[in-house]
Amino acid sequence: MGRVSRRMFATAALAALATVPQASAAPARAGRAPAAGEMRGMWIATVTNRDWPSRPGLGAAAQRTELLALLDAAVRARLNTVVLQVRPTADALWPSPHEPWSQYLTGTQGAHPGWDPLGTAVAAAHARGLELHAWFNPYRVAMHADPGRLAASHPARRNPGWVVPYGGRLYYNPGLPEVRAFVREAMLDAVRRYPVDAVHFDDYFYPYPVAGQTFDDDLAYDTHGGAFPDRAAWRRDNVDRLVRETADGIRAIRPGTRFGISPFGVWRNAATDPRGSDTHAGVQTYDDLHADTRKWARENWIDYICPQLYWNIGFAAADYAALLPWWAEVVRGSGTRLYVGEALYKAGDPAQPAPWQDPAELSRHLTLAGRHPQVRGHVFFAAREVATDPVGAMARVVADHYRRPAEPPR
């Protein structure tokens, strides 16, 4: 994921909002009773080799060593969950019968890496007392726009009508029922094979808007959109269907495995919708990504929601202190658990506003969240920063909030 990945579009589209990038801590003290269950997670992004592997083409032993080092870093920081990106670009970090091996492993899409990364990750995480949430990107096909660069066996090459080029990238068209069926099966294959603790989606549904460009789904809309008042409503229904059908599939295949989504942090601004947040964000998931994240949480379609609240306290366009209680109110009375996505990558980044130069900014986030009982924990972006902690922001979180280990929420 780096900034040419999942969060990159949010950064670009917001202009005045978001961007992307580090901590290690003392080991937990033996013999201490765990605190009450709470999510303490970190994302491990594989797209563009953001967090792991450090570069494509490492041998199997080196890849495994790096992965285990990240899991150990999570343990040292007293985290209890890792969210591993296993399908970054319509590919796989396990031996999938549906899609090719990821290029981020060997440098060549479709080339066998010589081991089973997801299978190893699940076993190694569980051996360390960590949950493993398998993170999938449903519709992104490539970080470039040339189908000829995909593996010859790639489903996007065998089914060119499924693919829409947009913003210099390739995407599957969410408006095609056959696409939704395929991506659902491709993802659920991992659930069948491995005892993952959860399935995790990030913020990409329809792509983030690119100025001056149109996502060309005219034919799909003409074919399938007749029952809807407009294209936006049809697109939202397409995304709703994927969410519901994925949830149903998980329950059927591996009951007890959870389903969580980590959307961009602003559903709608209050100026657009009185039910929205007191924000002025340039992107709204409901309108721009056609993802009705508020509905999914309120109606219990998913087990947890982890909005990416990647802004500092007091940030004018999207204040962490305004968004946190808004999301707490969204889940109030529902069965959906609320975790908060935290921008560890921004700590100490000289390109970020002044509050991010203070290593205590993230600790203040957790203090504020502690006033809202609906918040059941936090997930940090991302593993590279958890491991290296360049300005000590993660160490400060551990010292202030994670003095004892904690079981994840069940």
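Note that the structure is predicted; figures quoted are calculated from it, not measured.

Thresholds, definitions, all that
Residues numbered from 1 in each chain as written. Predicted model: local features only at pLDDT ≥ 70, side-chain atom pairs only at ≥ 80, totals over all residues. Heavy atoms only, no water. Helix = DSSP H or I, 4+ residues; strand = E, 2+ residues; numbered from the N terminus. Rg over C-alpha atoms; globule rule 2.2 N^0.38 Å. Buried < 20%, exposed > 50% of the residue type's maximum accessible area, 1.4 Å probe, protein only. Areas by Shrake-Rupley, 256 points an atom, 1.4 Å probe, with all protein chains shown as cover. Lys, Arg positive; Asp, Glu negative; His and termini not counted. Charge placed at Lys NZ, Arg CZ, Asp CG, Glu CD. Core = buried A, V, L, I, M, F, W, Y, C linked by side-chain atoms within 4.5 Å. Contact = heavy atoms within 4.5 Å. Pairing = 2+ DSSP bridges. Axes fitted to C-alpha atoms, helices over the stretch in contact; angles between N-to-C directions. Left-handed = near helix turned anticlockwise from the far one by under 90°. Nonpolar A, V, L, I, M, F, W, Y, C, P; charged D, E, K, R; others polar. Polar contact = N/O pair within 3.5 Å; in protein donor to acceptor, adjacent residues only side chain to side chain. pLDDT = per-residue confidence, 0-100. Phe/Tyr/Trp six-rings, centres within 6.5 Å; stacked < 30°, edge-to-face > 60°. Expected span 1.5 Å × (residues − 1). Salt bridge = Lys/Arg side-chain N within 4 Å of Asp/Glu carboxyl O.

A. Spatial organisation of the overall build of the protein chain. Helix and strand content of the protein chain: 14 helices and 11 strands. The C-alpha radius of gyration computed for the protein chain amounts to 20 Å, which stays within 12% of the reference 22 Å derived for 410 residues, consistent with globular compactness. Within the protein chain, the proportion of its 410 residues that are buried is 60%. Total accessible area on the protein chain is roughly 14400 Å²; 51% of this is exposed by carbon and sulfur atoms. Positive and negative charge centroids in the protein chain, built from 46 and 41 side chains respectively, lie 5 Å apart.

B. Highlighting the nonpolar core. Ranked by size, the top nonpolar core spans 128 residues in total, and within it Ile-44, Tyr-172, Phe-380 and Met-394 carry the most contacts. The contact partners of Ile-44, leaving out residues within four places of it in the chain, are Asp-51, Trp-52, Leu-67, Leu-70, Leu-71, Val-82, Val-83, Leu-84, Gln-85, Trp-135 and Ala-383.

C. Structural context of the sheet that holds strand E5 (residues 163-166). If you trace the 3 strands from one edge of the open sheet to the other, you get E4-E6-E5, paired in antiparallel fashion. Strands with a single pairing partner mark the edges of an open sheet, and in this sheet they are strand E4 (140-142) and E5. In this sheet, adjacent strand axes meet at a mean angle of 35° when their direction is disregarded. One ladder, built from 2 bridges, connects E4 with strand E6 (residues 169-172); its direction is antiparallel. Its bridge partner lying in E6, Ala-142 is registered against Leu-170.

D. Local environment of the packing of helix H2 (residues 60-76) against helix H4 (residues 117-127). It is at 11 Å that the axes of H2 and H4 come closest, and there the two elements cross at 35°. In this structure, the crossing between H2 and H4 has a hand that is right-handed. Facing Arg-64, Leu-67, Leu-68 and Leu-71 of H2, the residues of H4 in contact are Pro-117, Thr-120, Ala-121, Ala-124 and Ala-125. Looking at the contact of H2 with H4, its residues break down into 7 nonpolar, 1 polar and 1 charged.

E. Quick look at the side chain of Glu-385. If you trace the backbone, Glu-385 turns up in helix H13 (residues 383-388). Classification of Glu-385 as buried rests on a relative accessible area of 0%. Looking at Glu-385, its side chain comes within polar contact range of the side chain of Arg-50, at 2.7 Å.

F. Region of interest: the packing of helix H12 (residues 361-369) against helix H14 (residues 393-401). Where H12 meets H14, the closest approach of the two axes is 8 Å, and the angle between their N-to-C directions is 35°. For the pair H12 and H14, the crossing hand works out as right-handed. Of H14, the residues touching H12 (which contributes Leu-362, Ser-363, Leu-366 and Thr-367) are Arg-396, Val-397, Asp-400 and His-401. Class assignment of the residues belonging to the contact of H12 with H14 gives a composition of 3 nonpolar, 3 polar and 2 charged.

G. Molecular detail of the environment of Ala-69. Tracing the sequence through the fold places Ala-69 in helix H2. Accessibility expressed as a relative area gives 40% for Ala-69, which makes it partly exposed. Separated by 318 residues in the primary sequence, Ala-69 and Ala-387 place their C-alpha atoms 8.4 Å from one another.

H. Representation of the confidence of the model for the protein chain. Mean pLDDT for the protein chain: 92, with 91% of residues reaching 70 or above. Between residues 1-34, whose pLDDT stays under 50, and residues either more than four places distant or in other chains, the model counts 127 contacts.

I. How the structure looks around the packing of aromatic side chains. With the rule as written, the count across this model stands at 23 aromatic pairs. Ring centres of Tyr-172 and Phe-182 lie 6.2 Å apart, and the angle between their planes is 75°; on these two criteria the pair is classed as edge-to-face. In this pair, Tyr-172 sits in strand E6 while Phe-182 sits in helix H6 (residues 177-193), placing the two residues 10 residues apart along the sequence. As far as burial versus exposure is concerned, Tyr-172 and Phe-182 are alike and both buried. Summarising the aromatic geometry, the rings of Tyr-310 and Phe-381 are spaced 6.3 Å apart at their centres and angled 35° between planes, so their arrangement reads as tilted. On the criterion of sequence distance, the pair formed by Tyr-310 in the loop between strand E9 (304-305) and helix H11 (320-331) and Phe-381 in the loop between strand E11 (375-380) and H13 is long-range, its members being 71 residues apart.

J. Just H11, in detail. Between its first and last C-alpha atoms H11 spans 17 Å; for 12 residues at 1.5 Å apiece the expected length is 16 Å, and the two agree. For H11, every residue scored as buried is listed here: Tyr-320, Leu-323, Leu-324, Trp-326, Trp-327, Ala-328, Val-330 and Val-331. Where H11 is buried, its residues meet helix H10 (293-298), E9, strand E10 (337-342), H12 and E11. Just past H11, the residue Gly-333 takes up positive phi, approximately 80°.

K. Main features of the pattern of salt bridges. For the structure shown, the criterion picks out 23 salt bridges. Glu-385 is the partner of Arg-50 in a salt bridge, and the nearest nitrogen-oxygen pair spans 2.7 Å. A residue pair is termed long-range when its members are at least 10 positions apart, and Arg-50 in the loop between strand E1 (39-44) and H2 and Glu-385 in helix H13 qualify at 335 residues. Judged by its relative accessible area of 4%, Arg-50 falls in the buried class. As a salt-bridge pair, Arg-128 and Asp-72 come within 2.7 Å of each other at their nearest N and O atoms. Residue Arg-128 is found in the loop between H4 and strand E3 (131-136), and its partner Asp-72 is found in helix H2; the two are separated by 56 residues along the sequence. Take Arg-128: its relative accessible area is 31%, and that puts it in the partly exposed class. Where salt bridges share partners, they join Arg-50, Asp-51, Arg-384 and Glu-385 into one cluster.

L. Molecular detail of the sheet that holds strand E7 (residues 198-201). Spatial strand order, E1-E2-E3-E7-E8-E9-E10-E11: 8 strands in a closed barrel with parallel pairing. As paired strands, E3 and E7 are joined by 4 bridges and run parallel to one another. Note that in E7 the partner of Ala-134 across the bridge is Val-199. Each of strand E2 (81-87), E3 and E7 touches H6; the most contacted strand, E2, lies at about 135° to it.

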